[in-house]
Amino acid sequence: MLYDGFMPEKFVINGGNPLKGEIEVRGSKNAATPILAATLLTDQPCIIDNIPLVEDVFRMIEILEDLGADVEWLDKRKIRVQAKKIASNIKNKSLVTKMRSSVLIIGPLLARLGMAEINKPGGCIIGVRPIDVHLNAFRDLGVIVDYIDDFYSLKTDGIKGGHIVLDEFSVTATENVMMAAALCSNKTIIDLAACEPHVQDLAVFLKKMGVRIKGEGTHTIEIIGNKELKGARHKIQYDYIEAGTYILMASTVGGCVTVKNTPVGSLQLVLKNLKSFGANVEIIDNETVLVKESSNMRMDSIQALPYPGIPTDLQSMFGVLATQTINATLIHDPLYEGRLKYLEELNKMGAKIIVCDPHRAIISGPTQLYGADLRTFDLRGGAALISAGLTAKGTTTIYNMEQIDRGYEKIEERLQGIGAQIKRIISES
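Here is a short report on the structure shown in this document.

Okay, the pattern of salt bridges next. Per the counting criterion, the structure on display carries 19 salt bridges. A salt bridge links Glu-222 to Lys-214, with the shortest nitrogen-to-oxygen separation between them at 3.8 Å. With a relative accessible area of 24%, Glu-222 lands in the partly exposed category. For Lys-214, a relative accessible area of 56% corresponds to the exposed category. Among the charged side chains, a salt-bridge network with shared partners connects Glu-9, Asp-405, Glu-412 and Arg-424.

Below, the structure is given as structure tokens:
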């Protein structure tokens, strides 16, 4: 974990070696954070299994404890949460400023207490990410929102349901409204809802607690809440983004890698695109993908879109792959204007990339990458730079790697298990 006063660390990678062996995917970070937040909706105990041991999850657990919830670790990846008495605001403000998904506590607190107070959330440096979609949705539910000096105060005399049309396909806003409506016995309809697998996993958990939900997995979700929610047991789904990371990494670096605990059904378009590009990817079963070395791969374009499109969280992995494929590839990520920052780092390694604007770039390949000193700006871009370092000749050093720890559990140890020459060391500065 990271603590105040921690010693900065860095990854040092010796690249150019193929990857071989098996790697297991862990639980989904993006499912764990909202499900942990949802435990605040009841005073009954909830047991959550398959917890990924990553920084964002540790911080969400700290937030629950800060609000007054009792958290007990039952096993390495299983916890018991009981929120008998909770506060409406977080005392340790640094927990909020370091993690964007801290915004997910607003919905449960509004449902349970009728009020929530929170500082402006932090997170990855991938561009402007206001929470206006959340706030507008809450206003449509009758919530009064005040904002002064980076501090939000939200109050309601009771969520009464209604028809909400989100301003965009926001995952966390969808989850927040689902939780805000969970104790309301009137119907709430969310249009332009996100339908990502982790949204669906939250719906499964809320149903176990006693909420009636229809339409999860589509862009219209109907919720009829229950004023007396019960505790529930739930196993977090495996992380399709992490699975996609390792599949794309193996396709880029080369070798022979089996990726286990892969939610194949959530990666259909990713796998279809890889096969069309010429990647040697074989679906063994619904939970296993085998990646073998490929040659003469060719990509034309990749566009990140809301699920079930290509995830923006995997766009950077496709960008690194494009440096090793034939001809030029257009990368387009319309969602966040800061998602292409990693391309500047790839150019330091010898890549041939033209950044057209904050959302589009053209990558020419194949190009031999060479080791360099790099800095990561966000979680997913950091994973992509690891892939680039493993592909490159020579030594690559990645700084600011605490971003990567937010979403990948001990990634260097797991990659070492498939032959990667990567180590974590204390940075001198």
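This part is about a negative patch on the surface. Together, Glu-62, Glu-65, Asp-70 and Glu-72 give the surface a local cluster of negative charge. As for its placement among the helices and strands, Glu-72 is situated in strand 4 (residues 70-75).

Attention now goes to the pairing of strand 16 (residues 288-292). Of all 5 residues in strand 16, 4 are buried; the element is thus mostly enclosed. Bridge count for strand 14 (residues 255-260) against strand 16 is 5 bridges, and the pairing is antiparallel. Pairing of Val-259 across the sheet is with Val-289, part of strand 16. Note that strand 15 (residues 280-285) and strand 16 share 5 bridges and pair antiparallel. Within the sheet, the bridge partner assigned to Glu-282 lies in strand 16 and is Leu-290. Between strand 15 and strand 16, which follow one another and run antiparallel, lie 2 residues.

Going through the model one piece at a time under the given rule, you end up with 3 aromatic pairs. A centroid spacing of 6.1 Å and a plane angle of 75° characterise the contact between Tyr-240 and Tyr-307, whose relative ring orientation is edge-to-face. Linking Tyr-240 in helix 8 (residues 240-253) with Tyr-307 in the loop between strand 17 (301-303) and helix 10 (312-322), this pair joins segments that are 67 residues apart in sequence. When sorted by exposure, Tyr-240 lands in the same class as Tyr-307, which is buried.

A few words now on the environment of Ile-148. Turning to its location among the elements, Ile-148 is positioned in strand 7 (residues 144-148). Remark: the alpha-carbon pair of Ile-148 and Asn-119, spanning 29 residues in sequence, is separated by 9.6 Å.

So, on to the sheet that holds strand 17. On the basis of which strands lie adjacent, the open sheet formed by 4 strands has the order 17-18-20-19 and mixed pairing. Only two strands of the sheet have a single neighbouring strand rather than two, namely strand 17 and strand 19 (352-357). Recorded for the sheet is a direction-independent mean angle of 15° between the axes of neighbouring strands. Sheet analysis places strand 18 (residues 327-332) next to strand 20 (residues 360-365), joined by 6 bridges and oriented antiparallel. Residue pairing for strand 20: Ile-331 is matched across the bridge by Ala-361. Packed onto the sheet, helix 10 meets strand 17, strand 18 and strand 20 and runs at close to 165° relative to strand 18.

Looking now at the sheet that holds strand 3 (residues 46-49). Taken together, the 4 strands give an open sheet; going across it, the order is 4-5-3-13, and neighbouring strands pair in mixed fashion. Unpaired on one side and paired on the other, strand 4 and strand 13 (233-235) mark the two borders of the sheet. On average, adjacent strands in this sheet sit at an angle of 20° to one another, irrespective of strand direction. Bridging between strand 3 and strand 13 involves 3 bridges; their strand directions are parallel. Counted as the bridge partner of Asp-49 is Lys-235 from strand 13. The sheet strands contacting helix 2 (residues 55-67) are strand 4 and strand 5 (78-82), and the helix crosses strand 4 at an angle near 135°.

Next up on the list: the side chain of Ser-170. Residue position: Ser-170 is located in the loop between strand 9 (162-165) and helix 6 (171-180). Look past the residues within four positions of Ser-170 in its chain and what remains in contact with it is Val-133, His-134 and Ala-194.

Another aspect to go through is the packing of helix 8 against helix 12 (residues 379-391). One way to put it is that helix 8 packs onto helix 12 with a least axis distance of 9 Å and a crossing angle of 25°. When the interaxial angle is binned, helix 8 and helix 12 end up roughly parallel. Seen from above, helix 8 lies across helix 12 with right-handed handedness. Contacts between helix 8 and helix 12 involve Ile-241, Thr-245, Met-249, Thr-252 and Val-253 from the former and Arg-380, Ala-383, Ile-386, Ser-387, Leu-390 and Thr-391 from the latter. For the contact of helix 8 with helix 12, the per-class residue count stands at 6 nonpolar, 4 polar and 1 charged.

The rules behind the values
Residues numbered from 1 in each chain as written. Predicted model: local features only at pLDDT ≥ 70, side-chain atom pairs only at ≥ 80, totals over all residues. Heavy atoms only, no water. Salt bridge = Lys/Arg side-chain N within 4 Å of Asp/Glu carboxyl O. Buried < 20%, exposed > 50% of the residue type's maximum accessible area, 1.4 Å probe, protein only. Patch = residues over 30% accessible without salt bridge, like charges linked within 9 Å, V, L, I, M, F, W, Y side chains within 5 Å. Areas by Shrake-Rupley, 256 points an atom, 1.4 Å probe, with all protein chains shown as cover. Lys, Arg positive; Asp, Glu negative; His and termini not counted. Charge placed at Lys NZ, Arg CZ, Asp CG, Glu CD. Helix = DSSP H or I, 4+ residues; strand = E, 2+ residues; numbered from the N terminus. Pairing = 2+ DSSP bridges. Phe/Tyr/Trp six-rings, centres within 6.5 Å; stacked < 30°, edge-to-face > 60°. Axes fitted to C-alpha atoms, helices over the stretch in contact; angles between N-to-C directions. Contact = heavy atoms within 4.5 Å. Parallel < 35°, antiparallel > 145°, perpendicular 65-115°, else oblique. Left-handed = near helix turned anticlockwise from the far one by under 90°. Nonpolar A, V, L, I, M, F, W, Y, C, P; charged D, E, K, R; others polar.

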